[in-house]
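Notes for the structure review
Chain residues, written in single-letter form:
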Amino acid sequence: MRLAKAFWHFFPPFEVRITCEDIDSLLRADNGLCMDAVMEQALALAKNADRTVYSIRIGGLKPDQLALILIFNVLTRNLQSGHEHVYRGRLSIVG
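Below: a short report on this structure. What you see is a predicted model; the values in this text were computed from it and never measured. (Residues numbered from 1 in each chain as written. Predicted model: local features only at pLDDT ≥ 70, side-chain atom pairs only at ≥ 80, totals over all residues. Heavy atoms only, no water.)

Bringing the environment of Ile-23 into the picture now. With respect to the helices, strands and loops of the structure, Ile-23 is situated in helix H2 (residues 14–30). Residues Ile-23 and Ile-71, 48 residues apart in the sequence, show an inter-C-alpha distance of 7.4 Å. With sequence-adjacent residues up to four places away left out, Ile-23 is seen in contact with Met-39, Ala-42, Leu-43, Ala-46, Ala-67, Leu-70 and Ile-71. (Helix = DSSP H or I, 4+ residues; strand = E, 2+ residues; numbered from the N terminus. Contact = heavy atoms within 4.5 Å.)

A full pass over the atoms with the stated rule returns two salt bridges. Between Glu-15 and Arg-57 there is a salt bridge; the shortest N-O distance is 2.8 Å. Residue Glu-15 is located in helix H2, and its partner Arg-57 is located in helix H4 (residues 49–57); the two are separated by 42 residues in the primary sequence. Owing to a relative accessible area of 11%, Glu-15 belongs among the buried residues under this scheme. According to the relative accessible area criterion, Arg-57 is exposed, its value standing at 53%. Between Arg-28 and Asp-24 there is a salt bridge; the shortest N-O distance is 3.2 Å. Residue Arg-28 and its partner Asp-24 are both found in helix H2; the two are separated by four residues, about one turn of the helix. (Salt bridge = Lys/Arg side-chain N within 4 Å of Asp/Glu carboxyl O. Buried < 20%, exposed > 50% of the residue type's maximum accessible area, 1.4 Å probe, protein only.)

Here we come to the packing of H2 against helix H3 (residues 35–46). Look at H2 against H3: their axes get within 10 Å of each other, and the N-to-C directions meet at 165°. Between H2 and H3, the angle is such that the two are roughly antiparallel. With respect to the hand of their crossing, H2 and H3 are arranged in right-handed fashion. Of the residues in H3, those in contact with Val-16, Thr-19, Cys-20, Ile-23, Asp-24, Leu-27 and Arg-28 of H2 are Met-35, Val-38, Met-39, Ala-42, Leu-43 and Ala-46. Of the residues contributing to the contact of H2 with H3, the split by class is ten nonpolar, one polar and two charged. (Axes fitted to C-alpha atoms, helices over the stretch in contact; angles between N-to-C directions. Parallel < 35°, antiparallel > 145°, perpendicular 65-115°, else oblique. Left-handed = near helix turned anticlockwise from the far one by under 90°. Nonpolar A, V, L, I, M, F, W, Y, C, P; charged D, E, K, R; others polar.)

Turning our attention to H4. Of the residues making up H4, those classed as buried are Ala-49, Thr-52, Val-53 and Ile-56. Down the axis of H4, the buried side of the element spans an arc of 95°, and every buried residue falls inside it. Turned more than 90 degrees away from the buried face of H4, the exposed residues are Arg-51 and Tyr-54. (Arc of directions from axis to C-beta.)

Spelled out as structure tokens, the structure:
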């Protein structure tokens, strides 16, 4: 199993590559202020090959659906954490 993870690190599975491309295309279409931070975190989640492959092969999700779910999870986590707030209840420009 360890060999497969090392192999996937250098040669990511098809599902991971397609999901990363979908994340990139979805966030580039919006061109918002928080695009870079969200893209970095969403790509990190998508590059977890075990979970991505499981979600697509076993869970039946399409790569674009998984990309949207990952982007949504990153956005909600960042907003709920309070890092994008100027003051309690007030979002910053990026937030």
